[in-house]
Every structure is written in structure tokens, then in C-alpha cells.
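# Architecture and fold: a report
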Amino acid sequence: QLQLVESGGGFVQAGGSLRLSCAASGPFSSYIMGWFRPAPGKEREFVAAISWYGGRTFYANSVEGRFTISRDNAKNTVYLQMNSLKPEDTAVYYCAAGTGGFSRDYVSYPYWGQGTQVTVSS
């Protein structure tokens, strides 16, 4: 059983930056890691994902070029560096883990953290 705990959320002005962290217990390097957030009409909207050893990354069009996902398997931690934040990025951000390959669909990720709130003011 993998447990995930997010941190690093907060309040920032538009154009600012935040770095989210997700600390995992268990066999971390065995999982593809993703970040998701709620969106209108969607329970969880895909934000970014990273492969087992970090060689491949995948982003939603809305965050491409602004957000960077990375991982440190030695620390059992995945990160989401968020730059040039916009008010529409305001959401609870969830870390997720899965073994089924890269997917934008949240149902492909069986393990979830509790979420961390990001608020971007205009």
C-alpha cells in the first residue's frame, strides 16, 4: 500500500511561483506519478505525469511550458514546479500513483494524497 502526502500549497499573486511536493511511502520507483486538480465538469483534471525514473514527462496543454514535474526516487518524492501562475490555476492539487502506464484519466491511478490548496489572486 502506497501512501502519499502533498505539501507546498499556498496563496500567491498571478505571475508568481509555487513548488508542490508529494512524499511517498512504499515502493515509489515502481509507480508512474501524476498531479491532478478538480475542474468544472470533471472530478479530477490531469495536470502532469512522470515515468518511473523521470525520463518521460507529460503535461496538460493548459500548463505546458509553465509547470515542470520531477521526481527524486532516493527521497521518495515527486515535485510540481509551477511558474507564471494564473488565477485559473486555483485548485486543490492532488498527487497520484499508478502502474498502468501514462494516462490522463484519473481512474488509472489507484493511490491518492489528501491534496494541497493553491490559490492564485489576480
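Everything that follows concerns the structure shown earlier in this document.
If you're wondering where the values come from, they're calculated on a predicted model, not measured in any experiment.

Right, let's get into the pattern of salt bridges. The tally for this structure, following the rule as stated, stands at three salt bridges. Between aspartate 89 and arginine 37 there is a salt bridge whose closest N-O contact spans 3.1 Å. One end of the pair, aspartate 89, is in the loop between strand S8 (77–82) and strand S9 (91–98); the other, arginine 37, is in strand S4 (residues 32–39), with 52 residues separating them in the sequence. For the pair aspartate 89 and arginine 37, one class covers both residues: buried. The partner of arginine 66 in a salt bridge is aspartate 89, and the shortest N-O contact between them spans 2.7 Å. In this pair, arginine 66 is assigned in the loop between strand S6 (57–59) and strand S7 (67–72) and aspartate 89 in the loop between S8 and S9, connecting sequence segments 23 residues apart. Both residues of the pair, arginine 66 and aspartate 89, count as buried. The network of salt bridges with shared partners includes Arg37, Glu45, Arg66 and Asp89.

Calculation notes
Residues numbered from 1 in each chain as written. Predicted model: local features only at pLDDT ≥ 70, side-chain atom pairs only at ≥ 80, totals over all residues. Heavy atoms only, no water. Salt bridge = Lys/Arg side-chain N within 4 Å of Asp/Glu carboxyl O. Helix = DSSP H or I, 4+ residues; strand = E, 2+ residues; numbered from the N terminus. Buried < 20%, exposed > 50% of the residue type's maximum accessible area, 1.4 Å probe, protein only.

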